[in-house]
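Close look at the chain arrangement
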Amino acid sequence: SLDAIDLQDRCELSNRTGMDSETLKRAFLNNLFYVQGKFPALATTNDYYMALAYTVRDRLLQRWINTAATYTELGSRTVAYFSAEFLMGPHLGNNLINLGIYDQVEQGMAELGLSLDELQEEEEEPGLGNGGLGRLAACYLDSLATLDIPSLGYGIRYEFGIFDQDIRDGWQVERTDKWLSAGNPWEIARPEWSVEIKLGGHTEHYTDDHGNYRSRWVPDQVVKGIPYDTPILGYQTNTANTLRLWTAEAPESFDFRSFNSGDYLGAVYEKMISENISKVLYPNDDSSQGKQLRLTQQFFFVSCSLQDMIRILHGQNLPLENFHKKFAVQLNDTHPAISVVELMRLLIDHHQMDWEQAWTITHQTFAYTNHTLLPEALERWPIELFGSLLPRHLELIYEINQRFLDEVRIKFPDDEERMIRMSLIDESGERYVRMAHLACVGSHAINGVAALHTELLQKDVLRDFYEMYPHKFTNKTNGVTPRRFMVLSNSQLSKLITSKIGDSWIKNLKELQQLEQFVDDAGFQVEWRRIKQHSKTELATYIQNNNNITVDPDSLFDIQAKRFHEYKRQHLSLLHIVTLYNRIKANPDIEITPRTFIFGGKAAPGYFMAKLIIKLINSVGNVVNRDPDVRGRLKVVFLKDYNVKLAQRIYPAADLSEQISTAGKEASGTGNMKFALNGALTIGTLDGANVEIREEVGEENFFLFGLTTEEVYHKRAHGYRSRDYYHTNAELKLAIDRIASGFFSQGDAELFRPLVDDLLNQDQYFLFADYASYIACQDQVAAVYKDQTKWTRMSILNAARMGKFSSDRSIEDYCRDIWKVEPVNVELRQC
Ligand code: GL4
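Residues numbered from 1 in each chain as written. Predicted model: local features only at pLDDT ≥ 70, side-chain atom pairs only at ≥ 80, totals over all residues. Heavy atoms only, no water.

Section: the pattern of salt bridges
- In this structure the tally under the stated criterion is 61 salt bridges.
- Between Glu427 and Arg431 there is a salt bridge, and its shortest N-O distance comes to 3.3 Å.
- The exposure class of Arg431 is partly exposed, given its relative accessible area of 35%.
- The shortest N-O distance in the salt bridge between Lys459 and Glu455 comes to 3.1 Å. Pair noted here: Lys459 and Glu455 are both in helix α18 (residues 451-461), with a separation of four residues, about one helical turn.
- A relative accessible area of 46% means that Lys459 is categorised as partly exposed.
- Judged by its relative accessible area of 37%, Glu455 falls in the partly exposed class.
- Each of the salt bridges in this network shares a partner with another, and the network as a whole consists of Asp415, Arg418, Arg421, Arg463, Asp464 and Glu467. (Salt bridge = Lys/Arg side-chain N within 4 Å of Asp/Glu carboxyl O. Buried < 20%, exposed > 50% of the residue type's maximum accessible area, 1.4 Å probe, protein only. Helix = DSSP H or I, 4+ residues; strand = E, 2+ residues; numbered from the N terminus.)

Given below as structure tokens:
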């Protein structure tokens, strides 16, 4: 029998667990033969990549199976991270780092004449997210596993992730992201755990056998959700947790019904409609469109996940009453907020629980993270749309709302205005369901993602909820994983650090502080600079190959890499570039610190102004990069298709990190942390986590400029007129006039008019108000850069003081304050 095979024998029989270089090589060749069906003479780079990926996966599986067995035995309390986005980035390199076999594998591949770098380059990254919000979820999964916290990530397995960005004639062009076309070796389908979800239809009311009044949902569509699991291994631990993503399919039963009536095309159509649900990621960051398919996606993955959790609970012989004891669910923004209602429905309609008990379980289960203050990002669903897709949920929302408003009335008597503001239903015009309100009411904890952001939530966007439930609110400042964003992406710097302070900083980032003792050590400074120079040279080569632009690695690399949005103000940096260019044109012999301006980022396909800003960057670049008067002292580069892979090349090569959003607009930012960790200095406003970064690194090591949030509010309230700044600042006027005149657009004065007009007449993001302060600050940056010793000192101190911004710290905060969950040690017992 299977049980009779000694587990130890099974391990040793296989090539699948050994971690020494020889075993890894043998396993790799085995996989090339038996999985890819190739011998070396015919193998493509992709075959080699796949063979290596399977070799690594085998090592993950051993840990994954042990982890699952341990959690099942112990019935461990588990975090479920619900997120519509997981921007994981390539798996191969990260898994090699976390397994601790990167160097062995690199050597083994080299012995076979293969380059590990090239094999990593071959991986199509899963871009199942837009930007910071999705990448945060990925960093948190890494930290949860590293800290041995039982956890599951639940989301959607989009067939097409975030679009690939091309640049044609300076404009962004979107191409479909076919990330699954070469196969995905990191996932395992689990069709045996498929679930069904309902959509549409109507509700019916009836009296059950015990005389209780009950409701049931009669849907007009049923869709099947199939889970695909990806192991998430922690760093130097046996814990391998699961990312479970759902794919939508038509259930067979539905096909049959149409088949039997002879309607073959109808059946296929039905199938196609069902499969649309997980077809594509909505490419908007920080904005919501209120489209039916989006709500369907949200409900789909939430319902699949909650049903899956109930299955797990039952599998461990735990009663449903223990749901909130077994699981802590984190809602990553309001995208999964419908789960509050779906859990109520499952408990009440499917499991006959009474309302009070169901509500106690529900609100003790959920916690809600808000990720933005932008009004256009707050999700609201028209009642009509909502009711036609989720009729039973709408009934339940009305009931939740009635009980909630009763509570409000008692706490704040005679305050009708407050009730109107707080209601789950917006009735000011067309009626909407307010998802943030639902999330606040249905959760026991609410948090913002940086200190300033949480403060603004409490004062402004969620003020009524703060007054109602002050105990629910806490701050959880974001963090980033040092495994991917240092050890993997900046191996030289990581090795230098380890040679000085040992390697425990990788799990305990606060230890970077010990680098401060070397800050004035000339030898260390030289090494630090050499490594930065090396990374800049590598990026310069990438730019040469991709953009055909020659940049000088000795110039100051000034980088802004993030989604394009007016509030992030990429165009403020552009005004700086044009200003420097104008200074050169006025006086070609002017003394100027050579700079390379590098931009990367995608714009939402429907966001005209963001796309126009991309076009302007490329237009300015075309002029500046070629003008002989410039003598190569300024270069402007737009790197297309910014994604995790490219980000990993960019952070190590940055001298200056641009974090220049209008104060009060960027909830946190996380790129700001990754740049500083890699030794870039920040030029930034007092926005999001910049405030805390500056606190940590010291104000003397941070280039601060711009209005504060309060000053912005004040100016807005007292009638801000951007045109006044234009008329009183000669450099600003010249920069704007040059753009408006068609100077950068081959004489076309119309092209950038929408942008120029907006700045002169609206400027809702206060570029003109911050312009003088920004330019003065940049002049200071240029002066400091000339003093390489001083710059290096500041760079070292930035990295040394980034300990707070490890996602391990964030996750420890969530575990302690919100999830109340403890680590579980996993031992390797079986293969
Ligand atoms: C975001 C915020 O814009 C960003 O500041 C934050 O760092 C990130 C993670 O908390 O969440 N919110 C949305 S929406 N997209 C983001 O990137």
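So, unusual backbone geometry
- One non-glycine residue, Phe766, lies in the positive phi region at around 60 degrees.
- Mapped onto the elements, Phe766 comes out in the loop between α31 (753-761) and α32 (767-786).
- Using a relative accessible area of 1% as the deciding quantity, one classes Phe766 as buried.
- A positive phi angle, close to 50 degrees, is found at Lys820, a residue other than glycine.

With respect to the site of the ligand
- For the ligand, the set of nearby residues contains 13 residues, the closest of which are Asp286, His371, Asn478, Glu666 and Gly669.
- A distance of 3.1 Å separates an oxygen atom of the ligand from a polar atom in the backbone of Leu133.
- Protein coverage of the free-state accessible area of the ligand, which is 390 Å², stands at 96%.
- Of the residues that constitute the shell around the ligand, the class distribution is five nonpolar, five polar and three charged. (Near = heavy atom within 4 Å. Polar contact = N/O pair within 3.5 Å; in protein donor to acceptor, adjacent residues only side chain to side chain. Areas by Shrake-Rupley, 256 points an atom, 1.4 Å probe, with all protein chains shown as cover. Nonpolar A, V, L, I, M, F, W, Y, C, P; charged D, E, K, R; others polar.)

Here's the deal with the sheet that holds strand β22 (residues 634-639)
- Taking strand neighbours across the sheet as the criterion, the six strands line up as β22-β21-β20-β23-β24-β25 in an open arrangement whose pairing is parallel. The open sheet terminates on both sides in strands that have one partner only, identified here as β22 and β25 (703-704).
- As defined by bridge partners, strand β23 (residues 656-659) adjoins strand β24 (residues 681-684) across four bridges and the pair is classed as parallel. Within β24, the residue paired with Gln659 across the bridge is Gly684.
- Set on the sheet, helix α23 (residues 570-586) makes contact with β20 (556-561), β21 (595-600), β22 and β23; between it and β21 the angle comes to about 155 degrees. (Pairing = 2+ DSSP bridges. Contact = heavy atoms within 4.5 Å. Axes fitted to C-alpha atoms, helices over the stretch in contact; angles between N-to-C directions.)

Looking at the domain arrangement of the protein
- Split by domain assignment, the protein resolves into domain 1 (14-74 + 91-124), domain 2 (77-89 + 125-477 + 815-819) and domain 3 (482-805).
- With centres defined by C-alpha atoms, the gap from domain 1 to domain 3 works out at 38 Å.
- The interface is formed by nine residues belonging to domain 1 together with seven residues belonging to domain 3.
- Of the roughly 650 Å² buried between domain 1 and domain 3, counting both surfaces, carbon and sulfur atoms make up 50%.
- The largest share of the area that domain 1 buries against domain 3 comes from Asn94, Ile97 and Glu121, three residues that together contribute 62% of it.
- Our enumeration of links across domain 1 and domain 3 arrives at three salt bridges.
- Between Glu121 and Lys645 there is a salt bridge whose closest N-O contact spans 3.9 Å.
- Linking domain 1 with domain 3 are three residue pairs in polar contact (both at pLDDT 80 or more). (Domains from an automatic or database assignment. Buried area = accessible area lost by both parts, 1.4 Å probe.)

A few points about the environment of Tyr154
- Tracing the backbone shows Tyr154 in strand β4 (residues 151-156).
- It is 27 Å that separates the C-alpha atoms of Tyr154 and Glu122, two residues lying 32 residues apart in sequence.
- If near-sequence neighbours (up to four positions away) are discounted, Tyr154 is found in contact with Ala80, Tyr81, Phe82, Ser83, Phe86, Arg244, Trp246, Phe301, Ser305, Asp308, Met309 and Ile312.
- Here the side chain of Tyr154 touches Asp308 through a polar contact of 2.6 Å, side chain to side chain.

Concerning the sheet that holds strand β17 (residues 432-434)
- If you walk across this open sheet you meet the three strands as β15-β17-β16, and the pairing is antiparallel. Among the strands making up the open sheet, the edge pair consists of β15 (380-382) and β16 (425-426).
- Pairing between β15 and β17: three bridges, direction antiparallel. Note that in β17 the partner of Pro382 across the bridge is Tyr432.
- On top of the sheet, helix α17 (residues 435-442) reaches β15 and β17; it is set at about 40 degrees to β17, its chief contact.

Here's the deal with the nonpolar core
- Membership of the largest hydrophobic core comes to 113 residues, with the highest contact counts inside it found for Phe82, Phe386 and Trp819.
- Considering every element that reaches this core, the biggest residue donor is helix α10 (residues 292-315), with 11 residues.
- Beyond its immediate sequence surroundings of up to four residues, Phe82 is in contact with Tyr154, Phe301, Val302, Ser305, Leu306, Met309, Val329, Gln330, Leu331, Asn332, Pro336 and Ser339. (Core = buried A, V, L, I, M, F, W, Y, C linked by side-chain atoms within 4.5 Å.)

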